Amino acid sequence: MRGGAARATVDGFLAYHFALGVEKILLFFEEPHGATWAAGDAATDWHAAAQRIGDHVLGRCPRWLVMVQGARVASWAGTASGQEAPDLTPGENLMGVHKHRIKLSDGSKLVYAPHVAPPSEHMLPAFQSEAFPANLPALWGRNFGFVTQLTGAALVVGRVGGLLADQLDAAWQRAIVQWLVDKQAGFFYDGLNANPSLGGLLHKDWGSLRAEKVKLLEPLPVTPVSYTHLRAHETRGNLVCR
């Protein structure tokens, strides 16, 4: 996304609101396939694009948070520039941050937001290893878990979920939940609706919760938030920047 196209897209989104409490969140590009991270190719440089788009967003609406996913390919120690990384799902690779951090006009609004995917969606060599699932914390730590300690920026895993279709999927989800607890990292669970790829928290009737998923998420800390509380912040000034 370049120049006028990026600005037009951002301006279109800014005409609407995305509320989470009293903050705003804008997340661009769902799992940017083929994107690189400061690897020298302007056409695929997600690092540069995220900074450019993020600053445009903050210039229009400085209260918003800018959430940046990882790239699918990047240069890092021991590999050639642009080579696809092993054991990575789309949007997960933030290893380029070691040498090239995201720099926004207001760094306090930056959130690194990698996505992770279970074996039922992306089967990776690490999931077939004899060390699975004990090998997963080191994998997530390498791919993105270091960013808060290194940069001071927030880390929110932007997508966690899965079908729980078999023991492999269940082991993966138990491992990521424990990792989130240990790291005290934020996350978004995908999703609420009963979609065919991730299953959702609800059954197909849209009225009953899947008990096995609720139990899986029990170790995570929660903050009760009522609908009335959220509605109390819905003023024009809080929701929309024009």
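Look above for the structure.
One structure accompanies this document, and this report is about it. The residue numbering used here restarts from 1 in each chain and proceeds along that chain's sequence as written. Given that this is a predicted model, residues contribute local features only at a pLDDT of at least 70 and side-chain atom pairs are listed and counted only at 80 or more, while totals for whole chains, interfaces and linings are drawn from all residues. The side-chain values count all of the structure's non-hydrogen atoms but skip hydrogen atoms and water molecules.

Below, the discussion takes up empty space enclosed by the protein. Here the term cavity refers to a set of points on a 1 Å grid, laid over the protein atoms alone, in which a 1.4 Å probe fits but cannot get out; the term pocket refers to an open set having protein on both sides within 12 Å along at least five of seven lines, with lining residues being those that place an atom within 4 Å of a point. Grid points are joined across faces, edges and corners, and a volume is the space filled by probe spheres set on the points. Scanning all chains against the criterion turns up 2 cavities of 30 Å³ or more. Of the voids in this model, the second largest cavity is the one considered here, and its volume is about 40 Å³. Contributing to the lining of the second largest cavity are D87, T89, E92, V116, A117, L124, F127, L139, W140 and W172. Residue classes follow a fixed rule: Ala, Val, Leu, Ile, Met, Phe, Trp, Tyr, Cys and Pro count as nonpolar, while Asp, Glu, Lys and Arg count as charged, and any other residue, Gly among them, counts as polar. In terms of residue class, the lining of the second largest cavity is built from 7 nonpolar, 1 polar and 2 charged.

Before going further, it helps to spend a moment on the pairing of strand 3 (residues 64–68). Accessible area is worked out with a 1.4 Å probe on protein chains only. A residue is then buried under 20% of its type maximum, exposed over 50%, and partly exposed in between. Only runs of H or I of at least four residues qualify as helices and only runs of E of at least two qualify as strands under DSSP, and these elements are numbered from the N terminus. Across the 5 residues of strand 3, 5 count as buried, placing the element largely inside the fold. Residues of strand 3 alternate between two faces, with W64, V66 and V68 on one and L65 and M67 on the opposite face, all of them buried. The pairing of strand 3 with strand 4 (residues 110–112) spans 3 bridges and is parallel. Directly across from M67, in strand 4, lies its bridge partner V111. Two strands pair under a simple rule: DSSP has to find at least two bridges between them.

This next bit is on the nonpolar core. By size, the foremost hydrophobic cluster in this structure holds 47 residues, and its most contacted members are W37, Y112, W140, W172 and W179. Looking at this core, the elements with two or more residues in it are helix 2 (46–60), strand 3, strand 4, helix 3 (136–145), strand 5 (154–160), helix 5 (167–183) and helix 6 (211–217). The element that contributes the greatest number of residues to this core is helix 5, accounting for 7 residues. Side-chain atoms within 4.5 Å are what join buried Ala, Val, Leu, Ile, Met, Phe, Trp, Tyr and Cys residues into a set we call a nonpolar core.

Bear in mind that shape data such as this cannot, by itself, settle questions of function.
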